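Observations on chain architecture
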Amino acid sequence: ALAVIMAAACFTYAAPVKANAAGDVTLRFDNSNNLSYFSGTHNLHVAYSGFEEAILMAVTGDDPYVLLNVEGMANVSADTYKYVVVTYLSPAANSSKAEKTELFMSAGSTSGPTAGCSVLFDTQRAHKYRTEDIDMTGASYWSGKVHNIRFDAYCQGETWDIFYLSSVTFCQSASAANAAASAEAARAN
């Protein structure tokens, strides 16, 4: 019986969705099982990095992207969660072209990546994880159930530029997003 308990302890699986006291929903990518939530890869090598405990995305050609199935992980309403915090690492060794990432945000009647339903942010090359706080309050397409997010890692990146995704947190307020950004960056680092 002790051997069974010890074996089970060695193979524990942490749930990918964490909720905190503020009611935020965090999708963490700290286990290889989380790869099953990614699909539709185009010119982007997607794998789990045990060393980083994050999803690794490496550019392999033009127009690289992958779809994250948010709906498969959690029931998230864009009407409630107007702020999205992405915790990522863009290694300092990346090329200078690894400077922009676009996220196609699909919710409600927008069931998949759609032109005009995206946000673009500057990725900063560094030795530590960073966060990007995305304010969706003014986006008319951000309502209803959140379906997916397509990550277009490094829109103009070079082959083998790497993007590590540690977590995505959905928050109800700007102050909650600031707190989540600090907490998730500290956890990832």
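All values derive from a computational prediction rather than experimental measurement.

1. Quick notes on the overall build of the protein chain
- Scanning the protein chain from terminus to terminus reveals three helices and 13 strands.
- Looking at the protein chain residue by residue over its 189 residues, the buried ones come to 48%.
- When contacts within the protein chain are restricted to residue pairs at least 6 apart in sequence, those whose partners lie at least 24 apart make up 72%.
- Of the roughly 8,800 Å² that the protein chain leaves accessible, carbon and sulfur atoms contribute 51%.

2. Some words on the pairing of strand β13 (residues 162-171)
- The element β13 is largely enclosed, with a buried count of nine among its ten residues.
- One ladder, built from four bridges, connects strand β2 (residues 25-28) with β13; its direction is antiparallel. Bridge pairing in β13 places V25 opposite F170.
- In terms of strand pairing, strand β5 (residues 54-59) meets β13 through four bridges, oriented antiparallel.

3. Details of the sheet that holds strand β9 (residues 118-122)
- Taken in spatial order, the five strands make up an open sheet running β3-β6-β12-β8-β9, and their pairing is antiparallel. Among the strands making up the open sheet, the edge pair consists of β3 (38-42) and β9. Averaged over all adjacent pairs, the angle separating strand axes in this sheet is 20°, with direction ignored.
- Here strand β6 (residues 65-68) runs beside strand β12 (residues 146-152); their pairing, made up of three bridges, is antiparallel. By the bridge assignment, L67 is partnered in β12 with R150.

4. Description of the nonpolar core
- Core analysis: the biggest nonpolar cluster contains 42 residues, and F38, M57, W142, F151, L165 and F170 have the highest contact counts within it.
- In terms of residue count, the dominant contributor to this core is β13 (four residues).
- The residues contacting F38, other than those within four sequence positions of it, are F29, V46, I55, M57, V66, L67, L68 and L165.

5. Points about the packing of aromatic side chains
- Following the criterion strictly, the structure yields five aromatic pairs and no others.
- Judged by centre distance (5.7 Å) and plane angle (50°), the ring pair of Y88 and F121 falls under tilted. With Y88 in strand β7 (residues 83-91) and F121 in strand β9, this residue pair connects regions lying 33 residues apart in the sequence. Of the two residues, Y88 and F121, neither departs from the other in class, the shared state being buried.
- Arranged with centres 5.4 Å apart and planes meeting at 5°, the rings of Y88 and F163 form a pair that is stacked. Linking Y88 in strand β7 with F163 in strand β13, this pair joins segments that are 75 residues apart in sequence.

Analysis parameters
Residues numbered from 1 in each chain as written. Predicted model: local features only at pLDDT ≥ 70, side-chain atom pairs only at ≥ 80, totals over all residues. Heavy atoms only, no water. Helix = DSSP H or I, 4+ residues; strand = E, 2+ residues; numbered from the N terminus. Buried < 20%, exposed > 50% of the residue type's maximum accessible area, 1.4 Å probe, protein only. Contact = heavy atoms within 4.5 Å. Areas by Shrake-Rupley, 256 points an atom, 1.4 Å probe, with all protein chains shown as cover. Pairing = 2+ DSSP bridges. Axes fitted to C-alpha atoms, helices over the stretch in contact; angles between N-to-C directions. Core = buried A, V, L, I, M, F, W, Y, C linked by side-chain atoms within 4.5 Å. Phe/Tyr/Trp six-rings, centres within 6.5 Å; stacked < 30°, edge-to-face > 60°.

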